[in-house]
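The chain contents come next:
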Amino acid sequence: VQLVESGGGLVQPGGSLRLSCVGSGFTFSRYVMTWYRQAPGKERELVARILSIGPHTRYSDAVKGRFTISRDNAKNTVYLQMDSLKPEDTAVYYCNALYGLDYWGQGTQVTVSS
């Protein structure tokens, strides 16, 4: 089982990034997919979640209206489109897959700074 995130990097405030997470070794379409983030000195927090069926999504208040989560089950991939980025969005972003069992990616760094 593997989850591999990509798409992180350095971006200026107000900019955009698109994170991707590719899953392998499990039946991706059955899993609830969630993006979490962890900033230095802070606890890991939920950013956005998408259910296995239908367009049902959930966002933290901090990112609602700026971030969009989506999935392509044919590609075993979940995305996080991040717009209007703020310095406080700086964190390591992790992909999580949940369906009874719980899998995590290694994380990708997002830094928002001028």
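Quantities reported herein were computed from a predicted structural model and do not represent experimental measurements.

Focus: the side chain of R66
Along the chain, R66 turns up in the loop between β6 (57-59) and β7 (67-72). Note on R66: relative accessible area 12%, which makes it buried. Only 2.8 Å separates the side chain of R66 from the side chain of D89, close enough to count as a polar contact. Non-local contacts of R66, meaning those with residues more than four positions away in its chain, are made with Q81, M82, D83, S84, L85, K86 and D89.

Some thoughts on the sheet that holds strand β1 (residues 2-6)
With antiparallel pairing, the four strands of this open sheet are ordered in space as β1-β3-β8-β7. Edge positions in the sheet fall to β1 and β7, since each of these pairs with one other strand and no more. With strand direction ignored, the average angle separating the axes of adjacent strands in the sheet is 15°. Where β7 lies against strand β8 (residues 77-82), six bridges are found, and the strand directions are antiparallel. Bridge pairing links I69 to L80 in β8.

Notes on the packing of aromatic side chains
Throughout the structure, instances matching the rule amount to six aromatic pairs. Ring geometry for F26 and F28: centres 6.2 Å apart, planes at 40°, overall tilted. F28 carries the same exposure label as F26, and that label is buried. Consider the rings of F26 and Y31, whose centres lie 4.7 Å apart with planes at 65°: the pair is edge-to-face. One aromatic cluster is present, built from ring pairs that chain together F26, F28, Y31, Y99 and Y103. A cation over an aromatic ring shows up here: R44 above the ring of Y94, its NZ or CZ 3.8 Å from the ring centre. Over the aromatic face of W104 sits the side chain of R44, whose NZ or CZ is 4.7 Å from the ring centroid.

Looking at the environment of T57
For T57, the position within the fold is in strand β6. With a relative accessible area of 38%, T57 lands in the partly exposed category. Taking the C-alpha atoms as reference, T57 lies 8.4 Å from S70; in sequence the two are 13 residues apart.

So, the pattern of salt bridges
Following the criterion strictly, the structure yields four salt bridges and no others. Among the salt bridges present, the one from E45 reaches R37, with a minimum N-O distance of 2.6 Å. For R37, the salt bridge goes to D89, with nearest N and O atoms at 2.9 Å. Here R37 is found in strand β4 (residues 32-38), whereas its partner D89 is found in the loop between β8 and β9 (91-99), with 52 residues between them in sequence. Among the residues examined, D89 registers a relative accessible area of 0% and is labelled buried. Where salt bridges share partners, they join R37, E45, R66 and D89 into one cluster.

Thresholds applied
Residues numbered from 1 in each chain as written. Predicted model: local features only at pLDDT ≥ 70, side-chain atom pairs only at ≥ 80, totals over all residues. Heavy atoms only, no water. Helix = DSSP H or I, 4+ residues; strand = E, 2+ residues; numbered from the N terminus. Buried < 20%, exposed > 50% of the residue type's maximum accessible area, 1.4 Å probe, protein only. Polar contact = N/O pair within 3.5 Å; in protein donor to acceptor, adjacent residues only side chain to side chain. Contact = heavy atoms within 4.5 Å. Pairing = 2+ DSSP bridges. Axes fitted to C-alpha atoms, helices over the stretch in contact; angles between N-to-C directions. Phe/Tyr/Trp six-rings, centres within 6.5 Å; stacked < 30°, edge-to-face > 60°. Lys NZ or Arg CZ within 6 Å of the ring centre and 35° of its normal. Salt bridge = Lys/Arg side-chain N within 4 Å of Asp/Glu carboxyl O.

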